[in-house]
Amino acid sequence: MAVCNMFGLVPGEDRLFANTILLRLAEAFRSGDKHMKVSVLKVFLSRRKMKFRGKSKPRVVANQVELLRKVKMAFNTEDVESRALALYLLGCWADFAKDSAEIRHMVLSTLSSCHILEVKASLFAAGCFSELSDDFANVLLQRLLNLLTSDKTHSAVILAGIRAFAKLGPTPLSANRAYKRGLKLVEQYSDENCLIPLLISLSQLSSKSTLLISQQVELLLSFLTGKATSLMQATVLKCLQFILAGGVCRIPISANLLKRLVIMIDEPKISSPVQCRALRILHKILLYGLPNLSGMDMLEFGKLLTVIETATQSPITSKRILAVQILVDLSGKVNEVSEFSGLPQRVSSTIIDLFTMLLQPLPDSGRLESEVKEEGQHLLKILLLMVEKHPNLTVWMLEKTFSSIEYLLNKQIVGFEGEEWFSSVTMKLLVFLHKFVRACIEKRNEAALSNQVKVLIEHIQESSFINYYTRTVYSLLLHSCFISCLSGNDDKDIPSRDKDVGKSFKKCLVDQEIIALELAKKMLEEKEYWFVWKAGKYAATCGSWFMAAFIFGEITNKFQSKVCSWWLKSLAEFAHSEWRLQLILLEKHGSGLTNLLKMKNITIPLRDDLGEISEEIASNFHSASYTEELVAAYSGIRSSGEKLAEILISNQDFFFQRWFLNLRSQVLETVVDLLRILNSDSAMYFLTKRSFQLKRLAQEYDLLATSFIDMDYKSSRTVTFLAISCSLLAFSTGFPLLINGSQVCSNSMLIQPLLRQLWNIDHETCSDLMLLLGLSEPESCFHLQSRNQTFEAREIIKVCSYAVKRYVGLKKKSEGENKKNLGQLTNESLQLIFDILKRWLSIPSRVPNYFFYPRHCVGSELFAFNNDTRKPDATMMVLPGCQLSLSLCLQMKNIPSELPVKITKLYCILHSSTSFDMSKLNGESKEKSQSQLRFQDWTIDEMVDLNEKLHHYVSETAENTKHRRKRDDDNNGLSINSFVCFELNERRQGFSTCLLDVSAFPMGCYRIKWHSCCIDNHGSYWSLLPLNSGPVFTIHKCIGK
């Protein structure tokens, strides 16, 4: 109805139009030549394929008799090809053609035709009818048996009849009847050309009845003998895969089945594609059917493992990878069995050895670079899976990986013909490897690992085969190790022994920065600007701002494009601002770094004050100079965002980047305000506002994380980490208020957001937070989670744990204390805020990888029409005291084709208020109100509020109601909300209707503000940015004047 209202259609007009098109196609088929008939037939054959795949639903056809009459006219000709094409078309129309007795008789009678083309077409149509009619299937079965057993039947007709045999099972009973008759045909045929399609048809029949599956599996296994041809073996395995697609539980897992598969995998004479297919079947059986194996079967399990382990050494890449995948999955299932407890370590060793072999130069292997890189990536992904399943082996895996690489690097391979090939492939594989090493370090944050990584990187730096970019990547990896050990700590809480370790880490960090900067300088000297750009991006994502500032500053003027130049200037400004903060973290080592850079003639562009931040400023957290450095930092970040605004090409350019920079500058500005407030005498008075401001910034980061559905997982983790850090500061800033029992904010207002974000990340801290809320079970409001809420942000979690434990201690001390002691506790809570801020500032800022890929925003456009108005530019009018009836269309925009999730539903909130009266706007403002939104026009605060309401509605009530209306009185006057649900079509748009209750609004012209979201197939919530302005309606006494 919404579509009809919007486009001025009469209800049912779409079906009338469709029926007219069908009649015209049927007429074209009747009167057209052979080419026209084939073209029409292709249309309906494609629709049949879509229906078979579940992409098209059958619809009732109104003019069935007329359609069939036109096809019969085409059939009643002397031309054999026209008669055959008509039969094929009737098969496509089996939904309604099967109900015509005349058509059924026509199809069956044609089976006796002397023309092979007609008989084949008749078999196709009869098979289509049999899929839908049990009675017709019974009649066709007997006719087929007569055809297939007759000596006079042509071989082409026999093959067509065997294919039609698979369609004789619309019900389990008819499938069972046809299957038994088919078994007799197996005994009759000895020709492989007939046996192969017959086995396929019987497999399709058996899949429709669980009673037939075990019998069919035994039949298939009987053909897996030593005399079976390669084609027969491939067919049997294909049939087994088809049956397995319906579920492993349907197949009886017998010793005979496993034995046959193992023999095929181990037999060298069998072709590799057949062996790979056997491995896939064995993988599925072992993965899902292993618990069903009896103790007797487990005695042979060791032999099976031996065969699979042997397959990992196969020269065929696909066979190797499949065998490795099977071993990885089995290692997690049989690890508790004592006989196989060492399997995970054996599997990990095999994977590392295979990867090491790829690093060795084999110029005569005949393999393409792309094949080697793909296998290397695949092996490392599997190895990462082993790290997830067996974290206790992480250290051992790294040790073995390091020793293997060191052995290769120490061989000093020189003077062979494949040196260029080795340099190209090995560099890329080593870059892939560093991602695995990084993941392992994040998994097990141990000082011993940092030392091992340092030794490995020293070997890589010394190798003449490793290019500058690869060395830089590994240097930045070590930077991440050291910065992680330094972040989130406060010197006064660290024992003297550990303080020396921290100083050592700072010195190592400075040394590593010098190495990385020297490598970047060499890349610049050799004009490897693409690698320089990649190194700068990676440095920013790792939080290495010395490196990022140097690179972005140096390459700013290397590009002729004005857009690229301004983009790089913005990045350089941003990196320099973060670089100032990192100098504070390093204290005296930061000054030492600047001196070393001057000695090595490495200058950071755009800045000549490298030694300005003295050791006194860095160590004095309470000084005004320290605050001034923070002010300079957030001012620079804000300036970088303003530079991006100067290079706008379209309204949506660099929106994520500007939003991200704006948020970062706001957070630092709020921290500066906090430091000034804490150093003043009236701290308590201003803390409330700053706490709520930080809470708001955390909500904005959450909105940022969920507003870009095409964002990669690692980038969303980074944004979520920033949201958690803001929630932590909001919670910490409210300590004095909570301890004093302030009525302005409650426990739930500051604790719940942090608890929601730490859910499934830090259970111990969540338990403490729930204890503070007086909860013992998780609240139901947490059931709808975004995809990016489960990760280990070690640095911020460390500070969160510290803050919550300290607050719990203060809270216990405050219970039962008198007012005098509460004053002392308030001072302690203020000092605790200082401590948390210092720890928070020690965590380096990181940029999501998504930041470096400017693109149009993924969002939506809303089109609203009054039921009496069908033109998009017409003004919507409503009488005073009446409700506004709207027809809505929500259109998703800029959705990438490679989106990894499937959108299932759209939701929208419509919001209007008496404060949105546009009557006083001039003509230019009204014209602008209907134009596309620009960045400065988007009120982020309103987006946050509307998104919060919409998220709550989707979480709590979307399953119960289609749309809901609500009226509120806010500070600015009367406001209304309406929630609407849309069903998404193939064009990524949805239609719906709603009533907006504006009956209490006075006369005037009002804006409707809106926000939308979508839910994907995993149940994740995604916000959609509004890409056009909200509709406007006018309340007027006389509509039409």
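Here, the structure is the one placed above.
Residues numbered from 1 in each chain as written. Predicted model: local features only at pLDDT ≥ 70, side-chain atom pairs only at ≥ 80, totals over all residues. Heavy atoms only, no water.

### A word on the packing of helix α19 (residues 317-333) against helix α20 (residues 343-359)
Phase 1 of the analysis: Remark: α19 packs on α20, axes separated minimally by 9 Å, with the N-to-C direction vectors making an angle of 155°. When the interaxial angle is binned, α19 and α20 end up roughly antiparallel. Every pair of crossing elements has a handedness; the one defined by α19 and α20 is left-handed. Judged by residue contacts, Arg320, Val324, Leu327, Val328, Leu330 and Ser331 of α19 engage Leu343, Pro344, Val347, Ile351 and Leu354 from α20.
Phase 2 of the analysis: Classifying every residue of the contact of α19 with α20 by side-chain character gives nine nonpolar, one polar and one charged. (Axes fitted to C-alpha atoms, helices over the stretch in contact; angles between N-to-C directions. Helix = DSSP H or I, 4+ residues; strand = E, 2+ residues; numbered from the N terminus. Parallel < 35°, antiparallel > 145°, perpendicular 65-115°, else oblique. Left-handed = near helix turned anticlockwise from the far one by under 90°. Contact = heavy atoms within 4.5 Å. Nonpolar A, V, L, I, M, F, W, Y, C, P; charged D, E, K, R; others polar.)

### Comments concerning the nonpolar core
Phase 1 of the analysis: In this structure, Trp93, Phe165 and Phe436 are the most contacted members of the largest nonpolar core, which totals 153 residues.
Phase 2 of the analysis: Here this core takes ten residues from helix α23 (residues 419-443), the largest share from any one element.
Phase 3 of the analysis: Apart from the residues lying within four places of it in its own chain, the contact partners of Trp93 are Ala26, Phe44, Leu67, Leu68 and Val71.
Phase 4 of the analysis: Judged by nonpolar contacts, the second largest core, of 122 residues, contains Phe552, Phe655, Ile739 and Leu822. (Core = buried A, V, L, I, M, F, W, Y, C linked by side-chain atoms within 4.5 Å. Buried < 20%, exposed > 50% of the residue type's maximum accessible area, 1.4 Å probe, protein only.)

### Focus: helix α5 (residues 80-92)
Since there are 3.6 residues in each turn of an α-helix, residues three or four apart along the chain are aligned in direction.
Phase 1 of the analysis: Relative to the 18 Å expected for 13 residues at 1.5 Å per residue, α5 spans 19 Å between its end C-alpha atoms, a close match to the ideal helical length.
Phase 2 of the analysis: Within the span of α5, buried status applies to Ser82, Ala84, Leu85, Ala86, Leu87, Leu89, Leu90, Gly91 and Cys92. (Expected span 1.5 Å × (residues − 1).)

### Concerning the pattern of salt bridges
Phase 1 of the analysis: Tallied over the full model, the rule gives 25 salt bridges.
Phase 2 of the analysis: Note that Arg580 and Glu629 form a salt bridge whose closest N and O atoms lie 2.7 Å from each other. Note that Arg580 is positioned in helix α29 (residues 562-586) and Glu629 in helix α32 (residues 624-645), a separation of 49 residues in sequence.
Phase 3 of the analysis: Salt-bridge contacts for Asp702 lead to Arg756; the nearest nitrogen and oxygen are separated by 2.9 Å. Of this pair, Asp702 sits in helix α34 (residues 683-706) while Arg756 sits in helix α37 (residues 747-758), and the two are 54 residues apart along the sequence.
Phase 4 of the analysis: The network of salt bridges with shared partners includes Glu27, Arg30, Glu66, Arg69 and Lys70. (Salt bridge = Lys/Arg side-chain N within 4 Å of Asp/Glu carboxyl O.)

### Here we look at empty space enclosed by the protein
Phase 1 of the analysis: Considering all chains together, one arrives at three cavities of 30 Å³ or more under this definition.
Phase 2 of the analysis: Computed from the structure, the second largest cavity encloses a volume of approximately 40 Å³.
Phase 3 of the analysis: Phe654, Phe655, Phe656, Gln657, Phe708, Tyr850, Tyr853, Pro854, Arg855, His856 and Cys857 together form the lining of the second largest cavity.
Phase 4 of the analysis: Classifying every residue of the lining of the second largest cavity gives eight nonpolar, two polar and one charged. (1 Å grid on protein atoms, 1.4 Å probe; cavity = no way out; pocket = protein on both sides within 12 Å on 5 of 7 lines; lining within 4 Å. Points joined across faces, edges and corners; volume = space filled by probe spheres on them.)

### Some thoughts on unusual backbone geometry
Negative phi is the rule for most residues except glycine; trans is the rule for most peptide bonds.
Phase 1 of the analysis: Even without being glycine, Asn894 reaches a positive phi, approximately 60°.
Phase 2 of the analysis: Here Asn894 shows up in the loop between β3 (884-893) and β4 (903-913).
Phase 3 of the analysis: On the accessibility criterion, Asn894 (35% relative accessible area) is partly exposed.
Phase 4 of the analysis: Look at Arg988: it is not a glycine, yet its phi comes out positive at around 60°.
Phase 5 of the analysis: As for its placement among the helices and strands, Arg988 is situated in the loop between β6 (973-983) and β7 (989-996).

### Examining the packing of aromatic side chains
Phase 1 of the analysis: Per the stated rule, a full pass over the model turns up 29 aromatic pairs.
Phase 2 of the analysis: Ring geometry for Phe552 against Phe852: centres 6.2 Å apart, planes inclined by 35°, an arrangement best described as tilted. Placement of the pair is Phe552 in helix α28 (residues 545-554) and Phe852 in the loop between α40 (819-841) and β1 (859-866), with a sequence separation of 300 residues. Side by side, Phe552 and Phe852 carry an identical accessibility label, which is buried.
Phase 3 of the analysis: With centroids separated by 6.1 Å and ring planes inclined at 20°, the aromatic side chains of Phe656 and Phe660 adopt a geometry described as stacked. In this pair, Phe656 and Phe660 are both assigned in helix α33 (residues 655-678), four residues apart and thus about one turn of the helix distant.
Phase 4 of the analysis: The exposure class assigned to Phe656 is buried, which follows from its relative accessible area of 3%.
Phase 5 of the analysis: Here the basic side chain of Lys37 rests over the ring of Phe29, its NZ or CZ set 5.7 Å away from the ring centre. (Phe/Tyr/Trp six-rings, centres within 6.5 Å; stacked < 30°, edge-to-face > 60°. Lys NZ or Arg CZ within 6 Å of the ring centre and 35° of its normal.)

### A word on the environment of Lys428
Phase 1 of the analysis: Here Lys428 is to be found in helix α23.
Phase 2 of the analysis: Take Lys428: its relative accessible area is 34%, and that puts it in the partly exposed class.
Phase 3 of the analysis: Separated by 52 residues in the primary sequence, Lys428 and Gly376 place their C-alpha atoms 9.3 Å from one another.
Phase 4 of the analysis: Those residues within four positions of Lys428 in sequence are excluded, and the remaining contacts are Glu369 and Lys373.

### Looking at helix α13 (residues 210-221)
Phase 1 of the analysis: Under the 1.5 Å per step criterion, the end-to-end length of α13 is 18 Å for twelve residues, consistent within 8% with the ideal 16 Å.
Phase 2 of the analysis: Within α13 the residues assigned to the buried category are Leu212, Ile213, Gln216, Val217, Leu219, Leu220 and Leu221.
Phase 3 of the analysis: On the buried face of α13, the contacting elements are α11 (172-188), α12 (192-206), α14 (230-244) and α15 (255-266).

### Regarding the environment of Thr235
Phase 1 of the analysis: Looking at where Thr235 falls in the secondary structure, it is placed in helix α14.
Phase 2 of the analysis: When the C-alpha positions of Thr235 and Phe223 are compared, they lie 9.8 Å apart, and in sequence the two are twelve residues distant.
Phase 3 of the analysis: If we ignore the near neighbours within four places in the chain, the residues touching Thr235 are Ile196 and Ile200.

### Quick word on the side chain of His911
Phase 1 of the analysis: Checked against the element boundaries, His911 lands in strand β4.
Phase 2 of the analysis: Engagement of the side chain of His911 in a polar contact is seen with the backbone oxygen of Ile976, the distance being 3.4 Å.
Phase 3 of the analysis: For His911, the contacting residues outside a window of four places in its chain are Phe916, Leu946, Lys949, Ser975, Ile976, Asn977, Arg1007, Ile1008 and Lys1009. (Polar contact = N/O pair within 3.5 Å; in protein donor to acceptor, adjacent residues only side chain to side chain.)

### A word on the pairing of strand β9 (residues 1009-1016)
Phase 1 of the analysis: Counting buried positions over the eight residues of β9 gives seven, a clear majority of the element.
Phase 2 of the analysis: Here β4 pairs with β9 via eight bridges, running antiparallel. In the sheet register, His911 faces β9, and the bridge partner there is Lys1009.
Phase 3 of the analysis: With four bridges joining them, β9 and strand β10 (residues 1021-1026) adopt antiparallel strand pairing. (Pairing = 2+ DSSP bridges.)

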